[in-house]
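Examining the three-dimensional arrangement
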Amino acid sequence: MFWRIAHNVALAEEQLGGNPDEVGDRFYDLLTTLRFLPNSPTFTGAGTPLGQLAACFVLPISDDMGRDTSGIFQTLRDAALIQQTGGGNGFSFSEIRHKGSIVNTSAGLATGPVGFLRVYDRSFGEIAQGGTRRGANMAVLRVDHPDIRDFIECKTDENQITNFNISVGITDAFMEAVEVDATYELIAPHTGEAVETVRAREIFDLIVKQARHNGEPGVLFMDAANRQNPLPHIYELAATNPCGEQFLGPYENCCLGSINLAQHLGVNGTVDWEKLMESVQLSTRFLDDVVTANAYVPAVPQLLDAALRARRIGLGIMGLGDLMYHVNVRYGTAEAEEFAAQLMEFVRYHCMHTSVDLARQRGPFSAIKGSIYDPDDLKWVPPFPLSPHSRNFGRPEVDWDGIADGIRIHGIRNAAQTTVAPTGTIATVAGCEGYGCEPTFALAYVRHVDDGGNDLELTYVSPLFEKALLDAGVDETARSRIMDHVLESGSCQGVTDVPADIQHTFVVSQDISAEEHVRMQGAIQAFVDNSISKTCNFPADSTEDDVAQAYRLAWDLGCKGLTVYVTGTRKKVVLATRETVQNVTEEQP
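Notes on the structure in this doc start here. Model, not experiment: these values are computed from the prediction.

1. Comments concerning the overall build of the chain
When you go through the chain residue by residue, the secondary structure sums to 22 helices and 21 strands. Rg of the C-alpha trace for the chain: 23 Å, near the compact-globule value of 25 Å for 589 residues, within the 12% margin. Considered along the principal axes of its C-alpha atoms, the chain spans approximately 80 × 65 × 50 Å. Residues counted as buried form 58% of the 589 residues belonging to the chain. The contacts of the chain with a sequence gap of at least 6 include a subset with a gap of at least 24, amounting to 73%.

Next comes the structure, spelled out in structure tokens:
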């Protein structure tokens, strides 16, 4: 399988001036050593007749039933074809006129975005994504749309609209109004007229209430995303992929891949920075080759045009939790924030350095003129941390001025370079304990797998935790008592037999406060040019005010979105501890 992926992606080198056999062998080594893995569609599509390698797309929806190329039902057709190839879709429903407004051509009343969202949901329920799984989708509605209340509440029942995640597109103006308890206007998208004036806190409180209820909707901070939009001369960003880590323009896609940090452990609790640099450089080349090798969906030609125009890639990380266990840094602390920021800065720096070098060899992305990377009018500025770095993790220095100089000379190959995806599938393949940039979910948990329509439960216990106990000399009897507790709760905190230093480092998601989750996301976001898929986990007794404070903090820190989840508020989850499963079962009628 790895040979098929590596050598078929490397065939792009024939068009790009490289040696396919030599580069293919290097890609093969990169994959088989599990230092990097691409998104799932590259696994399933490379070297097959399908040939579609991208995980996610964003499609526009205009206020039109089908005459327009981005009309409601034309876009539904395009999305269905994408899902058949293994890709997921994101949509902004914000241009659709509100429910009950007049439709002049028919003298009827408009269905509204939520009604058409339900149409899309039912359609996607009949389509297996890539022939293997139900389609993943994201629906976005701006907070100033007249139907925003209906949208926020449309998934109160988690069994409704099951093929979509939903997110509210939040503006700075809205959050500023929330802060001072001011009003704002709901605007009819087809006329630009205000149809209602409402208290911002009314809508904010409704978002918070629903998110506390079952985790939806999420929020997207649209102005934060558009401040780093690489192509503002072409479009305004309005939607993301299904998991929210990729803001994309109309018809754009992103080929994702993640560096496995668990394969970059240095000696004596350090990071192997040299190996990490080499992996980032080769992974960046791999993803740029994917842009060329991808067959996309020939029946939707706009996809190829948009991909080659920007050559977006999304290099991210997985196994951050594993690496933090290794370097003895407790996830969620100020030390962890700086460690994660320094690490992500290193990844982004070497990704951009490689992209500039690829531009020197192959040329920059075609839409670079007028973009933030325009060599003749460079608007891109180097990223900087939320707080100045003060700790030494042995990381080599980076030269951001050198990147700017390189762009002015050569341009840059890829309009977007980094993202952090959830990596649920590929992190499992790689054996990571921490998915994406998340902490480890639990030291022991139950994983639910769809096995031909049946719910298969798999029990997992952390090998890193077991090894730490052995290395600390904890005897077999004590280890047995520890495991009994951990299998029930997922955490080792407060367990007498667990040494204090292990308790300090081996924290899991439930041990980390909501504020710590958000601050970690903010620290990482500072060095990610696109966005991050991360969940802010809350304990079962969290209040709506706790959720509201998390949203405010995320906005203050410059996060581009936030998803929250209060333990036990959903009946259907992929990962759960035995204790959570038992509590949910007891609450069911």
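2. With respect to the side chain of E252
Secondary-structure assignment places E252 in the loop between β14 (247-248) and β15 (253-260). Within the local environment of E252, its side chain forms a polar contact with the backbone nitrogen of G249, the two atoms lying 2.8 Å apart. Apart from residues lying up to four places away in sequence, E252 is in contact with C56, F57, V58, L231, Y235, A306, R309, A310 and R312.

3. Considerations on the state of the cysteines
Scanning all chains against the criterion turns up zero disulfides. Cysteine C255 is unpaired, with the sulfur of C254 as its nearest cysteine sulfur at 6.5 Å. The exposure class assigned to C255 is buried, which follows from its relative accessible area of 1%. Unpaired in terms of disulfides, C351 finds its nearest cysteine sulfur in C254, a separation of 10 Å.

4. Here's the deal with the environment of C437
Of note, C437 is situated in the loop between α16 (424-430) and β17 (444-451). Once the C-alpha coordinates of C437 and M222 are considered, the two residues, 215 residues apart in sequence, prove to be 22 Å apart. Discounting residues that sit within four places of it in the chain, C437 has contacts with I317, L320, Y331, V420, I524, I532, S533 and K534.

5. Focus on the packing of aromatic side chains
For any pair of aromatic rings, the description rests on two quantities: the centre-to-centre distance and the angle between the ring planes. Counted under the stated rule, the structure contains 23 aromatic pairs. Look at F91 and Y120: their rings are 5.3 Å apart centre to centre, the planes differ by 90°, and that puts the pair in the edge-to-face class. Here F91 is found in strand β3 (residues 88-92), whereas its partner Y120 is found in helix α6 (residues 113-124), with 29 residues between them in sequence. Here F91 matches Y120 in class, with each residue buried. Each residue in the set F91, F93, Y120, F124 and F164 is aromatic and connected to the rest through ring pairs, giving one cluster.

6. Details of the nonpolar core
One finds F93, F174, L320, W380 and Y551 to be the most contacted residues of the largest nonpolar core, which totals 171 residues. Top contributing element to this core by residue count: helix α14 (residues 334-362), with twelve residues. Those residues within four positions of F174 in sequence are excluded, and the remaining contacts are V143, Y184, A200, I203 and F204. Residues A478, M483, V486 and C492 belong to the second largest nonpolar core, which totals 17 residues.

7. Focus: a negative patch on the surface
On the surface, E14, D21, E22 and D25 cluster together into a negatively charged patch. Per-element accounting of the negative patch gives the leading share, three residues, to helix α3 (residues 20-32). Along the chain, E22 falls in helix α3. For E22, a relative accessible area of 48% gives the class partly exposed.

8. Notes on the side chain of S509
Among the structural elements, S509 can be located in the loop between α19 (500-505) and α20 (514-525). Reaching out from S509, the side chain makes a polar contact with the side chain of N537 at a distance of 2.8 Å. Apart from the residues lying within four places of it in its own chain, the contact partners of S509 are P439, T440, F441, H517 and N537.

About the cut-offs
- Residues numbered from 1 in each chain as written.
- Predicted model: local features only at pLDDT ≥ 70, side-chain atom pairs only at ≥ 80, totals over all residues.
- Heavy atoms only, no water.
- Helix = DSSP H or I, 4+ residues; strand = E, 2+ residues; numbered from the N terminus.
- Rg over C-alpha atoms; globule rule 2.2 N^0.38 Å.
- Buried < 20%, exposed > 50% of the residue type's maximum accessible area, 1.4 Å probe, protein only.
- Contact = heavy atoms within 4.5 Å.
- Polar contact = N/O pair within 3.5 Å; in protein donor to acceptor, adjacent residues only side chain to side chain.
- Disulfide = S-S within 2.5 Å.
- Phe/Tyr/Trp six-rings, centres within 6.5 Å; stacked < 30°, edge-to-face > 60°.
- Core = buried A, V, L, I, M, F, W, Y, C linked by side-chain atoms within 4.5 Å.
- Patch = residues over 30% accessible without salt bridge, like charges linked within 9 Å, V, L, I, M, F, W, Y side chains within 5 Å.
- Areas by Shrake-Rupley, 256 points an atom, 1.4 Å probe, with all protein chains shown as cover.
- Salt bridge = Lys/Arg side-chain N within 4 Å of Asp/Glu carboxyl O.
- Lys, Arg positive; Asp, Glu negative; His and termini not counted.
- Charge placed at Lys NZ, Arg CZ, Asp CG, Glu CD.

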